Amino acid sequence: WEKKVAAARALKFLAFNADMEYKDGLIKLGFLRTIVAILNTSTDTAANEHAASCMYSMAREHQSSKIELIRLAAPKRLVQLLDSESKQLRLNCTAALYALSCAGRTHCRDIAMLRPMEHLQTMLQPPVGRTAQDDQMQLFSALLVVNIVHAKGAIVPKHARPELLDSLRQAHDDANERQARTIISLGIKHIQRLDSRGSKLKDSMRERSASVAKRLSLSRGSSSNSATLNPLVHGDEPESPRTSRSKLGLPTAFSRKR
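Computed from a predicted structure; not experimentally measured.

K.L.:
How should I be thinking about the nonpolar core in this particular structure?
P.N.:
The nonpolar side chains of a soluble globular protein tend to be buried with one another. Judged by nonpolar contacts, the single largest core of 64 residues is most densely connected at Met55, Leu78 and Leu168. Every residue in contact with leucine 168, bar those within four places of it in the chain, is listed here: Leu124, Ala142, Val145, Ile184, Ile188 and Ile191.

Right, dumping it as structure tokens:
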């Protein structure tokens with residue numbers, strides 16, 4: 001294990017700034033299979049920290065690495081390690097999951113179904129006396145949450161959305177990079193739209209129910225005393241609910257395939 005960990009530690013620095021061709025070569029040599037095997041079988045915290053960091057380095061801006069790691073079921077183990085006592089391991093796993101969530105909407109939905117949100121909402125709230133490590137954890141958690149709510153917004157229960165919005169607003173204000181603030185801002189707007197859509201849908205359903213009840217009442221009455229009833233005029237028809245929903249484009253994280 002020591003040799004594998006040492007190799008992983010050395011390769012992660014090379015992989016972080018490597019070009020696509022270099023990363024493709026590492027995949028062909030089975031590097032990612034080795035890294036996933038370390039993460040799945042090792043009980044050594046340092047080994048797992050390096051393995052998760054390698055996954056982020058490889059998956060960052062490299063689609064082939066993302067797909068290969070997802071194929072090897074890396075997200076499942078990464079989510080399991082989000083409750084580790086090691087803050088560095090939690091940070092590395094969150095960063096790796098964020099990189100993998102950028103593989104596409106379908107893959108991000110699969111990550112959402114592994115239920116990482118409980119851990120992420122906790123990491124969105126840095127403790128008193130926060131460190132640079134806490135800042136990074138807050139940022140990657142926020143970016144991953146934004147991807148998840150874009151891919152599968154219903155994963156966040158309605159009662160949990162106000163607290164999540166407050167945490168995302170704080171992460172937005174704390175972020176130093178303009179691009180990160182833009183991404184988080186789009187996530188905030190998307191969550192707000194989820195509540196707005198729900199309210200509009202309920203109002204539309206009430207209008208339709210009232211209209212149906214009114215029609216039934218009029219039709220029954222007309223069979224027995226049609227002379228005393230006026231027919232429905234066009235103005236009595238309820239306005240049809242809007243069916244076109246402008247879907248927010250996913251921020252830099254991943255884009256819809258056309």
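Resuming the write-up.
K.L.:
Just to check I follow, could you spell out the side chain of serine 141 for this structure?
P.N.:
For serine 141, the location among the structural elements is in helix α10 (residues 132–151). Overall, serine 141 belongs to the buried group, its relative accessible area being 0%. Among all residues touching serine 141, those that are not within four sequence positions of it are Thr94, Leu120, Met123 and Leu124.

K.L.:
It is not clear to me how the packing of helix α4 (residues 45–59) against helix α7 (residues 87–101) should be interpreted in this structure. Could you clarify?
P.N.:
The description of two helices packed together rests on the angle between their axes and the distance between the axes. In the contact formed by α4 and α7, the axes pass within 8 Å of each other and the chain directions differ by 25°. The angle between the axes of α4 and α7 places the two elements in the roughly parallel class. Considering how the two elements wind past one another, α4 and α7 form a crossing that is left-handed. For the pair formed by α4 and α7, the contact residues are Asn48, Glu49, Ala52, Ser53, Met55, Tyr56 and Ala59 on the first element and Gln88, Leu89, Asn92, Cys93, Ala95, Ala96, Ala99 and Leu100 on the second.

K.L.:
Help me out: how do you make sense of helix α2 (residues 20–28) in this one?
P.N.:
Two residues of an α-helix separated by three or four positions point the same way, owing to the 3.6 residues in each turn. Among the residues of α2, Lys23, Leu26 and Ile27 are the ones counted as buried. Seen end-on, α2 carries its buried residues on one side only, within an arc spanning 100°. What points out from α2, more than 90 degrees from its buried face, is the exposed set Glu21 and Lys28. Against the buried residues of α2 lie α1 (2–16), α3 (31–41), α4 and α5 (63–71).

K.L.:
Mind showing me how you'd approach the pattern of salt bridges here?
P.N.:
Opposite charge on two side chains permits them to pair, given that their charged atoms come into close proximity. Considering all chains together, one arrives at five salt bridges under this definition. Note that arginine 71 is salt-bridged to glutamate 68, the shortest N-O span being 2.8 Å. Of this pair, arginine 71 and glutamate 68 are both found in helix α5, three residues apart, which corresponds to roughly one turn of the helix. Here aspartate 166 ties to arginine 169 by a salt bridge, and the two come within 3.2 Å at their closest N and O atoms. In this pair, aspartate 166 and arginine 169 are both assigned in helix α11 (residues 161–174), three residues apart and thus about one turn of the helix distant. Several salt bridges converge on common partners, so that one network encompasses Arg130, Asp135 and Asp174.

K.L.:
How should the environment of aspartate 83 be read in this particular structure?
P.N.:
Tracing the backbone shows aspartate 83 in the loop between α6 (74–80) and α7. Expressed as a C-alpha distance, the spacing of aspartate 83 and glutamate 118, which sit 35 residues apart in the sequence, is 9.9 Å.

K.L.:
Just checking my understanding: could you explain the packing of α2 against α5 for this structure?
P.N.:
Where α2 meets α5, the closest approach of the two axes is 9 Å, and the angle between their N-to-C directions is 25°. The orientation of α2 relative to α5 falls into the category roughly parallel. Between α2 and α5, the residues in contact are Lys23, Asp24 and Ile27 and Ser64, Ser65 and Glu68, respectively. The residue makeup of the contact of α2 with α5, split by class, is one nonpolar, two polar and three charged.

K.L.:
It is not clear to me how α5 should be interpreted in this structure. Could you clarify?
P.N.:
Regarding α5, the residues found buried are Ser65, Lys66, Glu68 and Leu69. On its buried side, α5 packs onto α2, α3, α4, α6 and α7. Backbone geometry just downstream of α5 places alanine 73 in the positive-phi region, at approximately 65°.

K.L.:
Is there a simple way to think about the packing of aromatic side chains in this case?
P.N.:
Tallied over the entire structure, the rule returns two aromatic pairs. Residues tyrosine 56 and phenylalanine 140 carry aromatic rings whose centres are separated by 5.6 Å and whose planes lie at 75° to one another, so their mutual orientation is edge-to-face. Here tyrosine 56, found in helix α4, pairs with phenylalanine 140, found in helix α10; they are 84 residues apart in sequence, far enough to count as distant. Both residues of the pair, tyrosine 56 and phenylalanine 140, count as buried. Centroid distance tyrosine 98 to phenylalanine 140: 6.2 Å. Interplanar angle 55°. Geometry classified as tilted. Of this pair, tyrosine 98 sits in helix α7 while phenylalanine 140 is found in helix α10, placing the two residues 42 residues apart along the sequence.

Rules used in this analysis
- Residues numbered from 1 in each chain as written.
- Predicted model: local features only at pLDDT ≥ 70, side-chain atom pairs only at ≥ 80, totals over all residues.
- Heavy atoms only, no water.
- Core = buried A, V, L, I, M, F, W, Y, C linked by side-chain atoms within 4.5 Å.
- Buried < 20%, exposed > 50% of the residue type's maximum accessible area, 1.4 Å probe, protein only.
- Contact = heavy atoms within 4.5 Å.
- Helix = DSSP H or I, 4+ residues; strand = E, 2+ residues; numbered from the N terminus.
- Axes fitted to C-alpha atoms, helices over the stretch in contact; angles between N-to-C directions.
- Parallel < 35°, antiparallel > 145°, perpendicular 65-115°, else oblique.
- Left-handed = near helix turned anticlockwise from the far one by under 90°.
- Arc of directions from axis to C-beta.
- Salt bridge = Lys/Arg side-chain N within 4 Å of Asp/Glu carboxyl O.
- Nonpolar A, V, L, I, M, F, W, Y, C, P; charged D, E, K, R; others polar.
- Phe/Tyr/Trp six-rings, centres within 6.5 Å; stacked < 30°, edge-to-face > 60°.

Keep in mind these values describe shape, not function.
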